[in-house]
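So the chains spell out like this:
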Amino acid sequence: MRLWKKIVAGAAVALGLLGGVAQADTVAEIKERGVLRVPGILNEVPYFNKDPRTNEWNGFVIEMAKDIAKTLDVELEVVESSWANAILDVQSGKVDMAFAVTATPARALAVSFSSPTYFNSFIIVSASEDVEGKTWRELNDPKYTFAVDMGSAQDLITQQYLPKANILRFKTRDEAIVAATTGKADGLVNTMLNGLVMTKRSPDLGKVMVPTPVLSTPSVVAVNYGADEVFKSFVSGWAEYNRRIGNNQTWIVDSLEPFGVTLEDMPQGFGFGG
């Protein structure tokens, strides 16, 4: 009986210690620091852009981050990063959260995801009338050639939905755009958000086409697994609230305005709110 009591007492102490570790007050840490840290990526409009004259950041991701910082009553600090390193920055604690993250199962093993901030559909940008109005199944044919930036979410879509088509994979998005513009490819596979900007910048690319079925992916906020549940719940609550009342879509549309993109440019029935 005494041995059993010792085991129970030891287990209680261990659980208490574990509970103490799990209940770190992330919000208090951010407030004490006085800044909310997020990664920023150079020349990734409309997500991010840094003015070389003033060093000020703008873009719809920055507007979202500013709103969270305002809610927490702290300043916003943008840490220069890259798409490849943003998740690592969250894991290492270099930043508190990362925006515009495509929620994939592999990434879910590394970081915690919030509720969706917006939804982004996969599209094809093409000047070919033969591509227009086709389904993903119909485009999955060796007679079609599509360009894509290697390792991206849209590259994964080509692997899943266009395995029979001829896919040209490039290291950068710009190289994929050149391939489509010069006729080496019938079009390029990307997302609605990028596609709207591309067609305004390079009209020769053609127009945004949405093959059916419409394939959408949630964009989420990535948070460190070590953050406490209150903070994770707060970030998810913020994302869900602002997506549902339309704030997130408004920030996105406002960031597209300098490129001449409006809601009227979006395919009928499409919205970033899902």
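Above this note sits the structure.
Residue positions are counted from 1 within each chain, in the order its sequence is given. Reporting of local features is limited, given that this is a predicted model, to residues whose pLDDT is at least 70; pairs of side-chain atoms are given and counted only at 80 or more, and all residues count toward the totals for whole chains, interfaces and linings. Computation of side-chain values covers all heavy atoms of the structure but excludes hydrogens and water.

Hey, could you run me through the overall build of the chain in this one?
Helix and strand counts for the chain come out as 11 helices and 12 strands. Partly exposed describes any residue whose relative accessible area lies between the buried limit of under 20% and the exposed limit of over 50%, with all areas from a 1.4 Å probe on protein chains only and scaled to the type maximum. Residues classed as buried in the chain amount to 44% of the 274 residues present. In the chain, of all internal contacts separated by at least 6 residues, the share reaching a separation of at least 24 is 69%. Of the roughly 14,300 Å² that the chain leaves accessible, carbon and sulfur atoms contribute 53%. As used throughout, the charge tally considers Lys and Arg to be positive and Asp and Glu to be negative, leaving His and the chain termini uncounted. To locate a charge, the coordinates of NZ of Lys, CZ of Arg, CG of Asp or CD of Glu are taken. Between the centroid of the 26 positive side chains of the chain and the centroid of its 32 negative side chains there is a distance of 8 Å. Helix numbering and strand numbering both begin at the N terminus, where a helix is a DSSP run of H or I of at least 4 residues and a strand a DSSP run of E of at least 2. Note on contacts: a residue pair is in contact if any heavy atoms of the two residues lie within 4.5 Å. Note on areas: Shrake-Rupley with a 1.4 Å probe; residue coverage comes only from the protein chains shown.

How do you make sense of the packing of helix H3 (residues 60–72) against helix H10 (residues 229–244) when you look at a structure like this?
The description of two packed helices rests on the angle between their axes and on the distance between the axes. Where H3 meets H10, the axes come as close as 12 Å, and the angle between the chain directions of the two elements is 125 degrees. Classed by the angle they form, the pair H3 and H10 counts as oblique. Crossing of H3 over H10 shows right-handed handedness. Across the interface between the two elements, Met64, Asp67, Ile68, Thr71 and Leu72 from H3 touch Phe234, Trp238 and Asn242 from H10. Residues are sorted three ways: Asp, Glu, Lys and Arg are charged, Ala, Val, Leu, Ile, Met, Phe, Trp, Tyr, Cys and Pro are nonpolar, and all the rest, Gly among them, are polar. Looking at the contact of H3 with H10, its residues break down into 5 nonpolar, 2 polar and 1 charged. Lines fitted to the C-alpha atoms define the axes, with helices restricted to the stretch that makes contact. Angles between their N-to-C directions range from 0 to 180 degrees. An angle below 35 degrees is treated as roughly parallel, one above 145 as roughly antiparallel, one from 65 to 115 as roughly perpendicular, and anything else as oblique. The crossing is said to be left-handed when, going from far helix to near helix, the turn is anticlockwise and less than a right angle, and right-handed when the turn is clockwise.

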